[in-house]
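Tertiary structure, described
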Amino acid sequence: MGDDDGGSGGVPWRSGRLYLLLATAAVAPLDVNIVGPALPAVAEAFDVSSARSGLVITAFAAPGAFLAPVVGMYADRFGRRRVVVPCLLIFGVAGVAVTVVTEFWTVLALRAVQGSVGGSILASLAMALVGDYYDGTQRNAVMGVVSASVSVSAAVGPVLGGMLAARAWDAPFYLYGVSVVVAALVYGFLDPPPASANGKERATGTGVGYLRAAVASLPTREALTVYGATLLSFVLFFGGVLTAVPFLLAGTYGLASGRVGALVTGAMSLAAVVAVFNGRFARYLSNLGMVTAGFVAYAVGLVGVWASSSALGILLALCVFGVGHGLVLPSVASALSALAGPEFRGGVMSLRTSVVLGAQAIGPPLFTLPAARVGYELPLGVASPSSAPASSPSPCSSPSAAGPASSDRRRGSDRASRVAKGNA
């Protein structure tokens with residue numbers, strides 16, 4: 001499966017196919033990132049409460065959690081390339097159509113249509129195509145830059161959405177037209193995957209029969225390890241980094257929301273940088289080896305946040321966490337792609353979408369509920385040993401207490417001193 005200048009196992013930068021895959025993956029984070037900043041304007045335009053305007057996000061996210069495996073099943077049956085084009089097209093058309101509606105319920109309906117085929121589903125299909133086109137260390141290399149493309153798009157999306165929402169409530173929705181352009185380019189220029197990935201071995205079953213066959217095709221222990229690592233990594237990301245850390249920075253150090261967002265985004269940008277080098281790391285470490293190293297970085301980063309006495313210290317700790325995220329994301333995707341046979345790769349990768357959305361749902365309350373009683377430092381400190389791998393190959397096994405040994409009295413004293421500094 002060599003491709004242009006990537007025969008040595010590196011990234012085939014001269015390949016047009018690579019940029020089509022990157023464009024497909026970059027469209028995925030446009031799901032909620034560009035719409036979030038526009039929610040106040042949407043609420044005002046349709047004269048609804050802020051709570052109801054939040055349904056614009058919920059209406060998108062809910063269908064994907066259930067339909068991602070279904071889309072993956074059809075991608076396996078009819079071919080990933082044949083499914084990704086209509087998904088891109090529907091995602092874009094439904095998004096742009098929001099700009100012409102006059103009823104709020106129509107906005108929600110169109111968002112539900114988008115969520116049924118777009119967002120993380122598109123990212124999973126792009127990663128499944130990476131598995132079809134590439135193998136070995138080159139698969140890791142391409143998976144790394146695809147993951148970096150998702151991370152960069154996720155970082156830029158809120159900025160573009162906020163700028164456009166300042167002009168008009170519906171302006172961010174015009175960005176979904178990019179998906180239509182990408183659909184046309186993929187249809188016209190993306191070559192079909194090799195026969196071994198898109199021919200005789202194509203899945204023929206549907207429904208329960210397909211799911212049973214897909215599950216039976218996976219080695220149980222390895223699959224549970226990789227899916228478990230995916231769940232835990234995104235629980236820590238959505239619950240710890242995107243929920244607990246902003247509250248900690250705002251409440252303890254008095255940072256404004258703009259500075260909090262810039263600090264978190266800047267630190268997590270390291271994930272994209274590290275992901276680009278995944279192919280090089282794969283020459284020396286297995287996928288599970290890189291996942292294990294990533295979880296060590298998670299633990300060190302969360303311990304750093306827990307023990308830090310300044311916002312700068314938290315920034316440095318988040319940078320370490322970002323390095324771990326850049327190691328874990330492409331490695332678990334490559335591991336899943338390698339575990340799945342070509343006939344089930346779309347479904348196996350799409351199930352990852354359901355796992356990520358599940359982590360997005362359970363991660364924040366796992367940190368915010370305890371924080372209501374004990375503050376945000378303690379949940380972050382408790383999470384750090386749970387993210388450190390044990391001596392077994394599984395990156396999501398329970399470790400042997402690796403957290404710092406500090407008394408409650410010292411923690412209370414440290415936290416009091418930080419609050420004093422924040423109020424100063």
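Since the model is a prediction, treat every value here as computed from it, not as a measurement.

1. Let's talk about the side chain of Asp-76
Within the secondary structure layout, Asp-76 lies in helix α4 (residues 55-78). A polar atom in the side chain of Asp-76 sits 2.6 Å from the backbone nitrogen of Gly-346.

2. Looking at the side chain of Ser-124
Counting through the fold element by element, Ser-124 comes out in helix α7 (residues 120-133). Here Ser-124 falls in the buried class, since its relative accessible area comes to 1%. For Ser-124, the side chain forms a polar contact with the side chain of Thr-353, separated by 2.5 Å. Setting aside chain neighbours within four positions, we find Ser-124 in contact with Met-349, Ser-350, Arg-352 and Thr-353.

3. Points about helix α1 (residues 16-27)
Residue pairs three or four apart in sequence face the same way in an α-helix, which turns once every 3.6 residues. For α1, which comprises 12 residues, the first-to-last C-alpha distance of 17 Å matches the rise-based estimate of 16 Å (1.5 Å per residue) to within 8%. Turning to α1, its buried residues number three or more, namely Arg-17, Leu-18, Leu-20, Leu-21, Leu-22, Thr-24, Ala-25 and Val-27. Those residues of α1 that are buried lie in contact with α5 (80-97), α7, α8 (136-165) and α9 (177-189). The distance from a side-chain oxygen at the start of α1 to the backbone nitrogen of Arg-17 is 3.2 Å, and the residue carrying that oxygen is Ser-15.

4. What to know about the packing of helix α15 (residues 287-307) against helix α16 (residues 311-339)
At a minimum axis distance of 7 Å, the contact between α15 and α16 shows a crossing angle of 160°. Taken together, α15 and α16 sit at an angle that is classed as roughly antiparallel. The handedness of the crossing between α15 and α16 is left-handed. Grouping the amino acids of the contact of α15 with α16 by side-chain chemistry returns 18 nonpolar, eight polar and no charged.

5. Brief notes about the pattern of salt bridges
Any two side chains of opposite charge can pair, so long as their charged atoms come close to each other. Per the counting criterion, the structure on display carries four salt bridges. Asp-132 serves as the salt-bridge partner of Arg-80, at 2.5 Å between the closest nitrogen and oxygen. One end of the pair, Arg-80, is in helix α5; the other, Asp-132, is in helix α7, and 52 residues separate them in sequence. Note on Arg-80: relative accessible area 2%, which makes it buried. For Asp-132, the salt bridge is made with Arg-345, and the minimal N-O distance between the two is 2.8 Å. Residue Asp-132 is found in helix α7, and its partner Arg-345 is found in helix α17 (residues 345-374); the two are separated by 213 residues along the sequence. Overlapping salt bridges, with partners in common, bring together Asp-76, Arg-80, Asp-132 and Arg-345 in one network.

Quick notes on the rules
- Sequence order sets the numbering: in each chain, residues are counted from 1 along the sequence as written.
- Totals for whole chains, interfaces and linings use every residue, but because this is a predicted model, local features are given only for residues with pLDDT of at least 70 and side-chain atom pairs only at 80 or more, for both listing and counting.
- Think of the side-chain values as coming from all heavy atoms in the structure, minus any hydrogens and water.
- Numbering of helices and strands runs from the N terminus, with a helix taken as a DSSP run of H or I at least four residues long and a strand as a DSSP run of E at least two residues long.
- Here a polar contact is recorded for every N or O atom pair within 3.5 Å, except that within protein the pair must consist of a potential hydrogen donor and a potential acceptor, and residues adjacent in sequence are included only if both atoms are side-chain atoms.
- Using a 1.4 Å probe on the protein chains alone, a residue whose accessible area is under 20% of its type maximum counts as buried, one over 50% counts as exposed, and one in between counts as partly exposed.
- We call two residues in contact when some of their heavy atoms are within 4.5 Å.
- Given a helix with a known number of residues, its expected span is that number minus one, times 1.5 Å.
- Whenever a helix is involved, its axis is fitted only over the stretch in contact; in every case the axis is a line through C-alpha atoms, and angles between N-to-C directions fall within 0 to 180 degrees.
- Our angle categories are set so that under 35 degrees counts as roughly parallel, over 145 as roughly antiparallel, 65 to 115 as roughly perpendicular, and the remainder as oblique.
- By convention, the crossing between two helices is left-handed when the near helix turns anticlockwise from the far helix through less than a right angle, and right-handed when the turn is clockwise.
- Each residue is assigned to one of three groups, with Ala, Val, Leu, Ile, Met, Phe, Trp, Tyr, Cys and Pro labelled nonpolar, Asp, Glu, Lys and Arg labelled charged, and all others, Gly among them, labelled polar.
- A pairing counts as a salt bridge when a side-chain nitrogen of Lys or Arg comes within 4 Å of a carboxyl oxygen of Asp or Glu.

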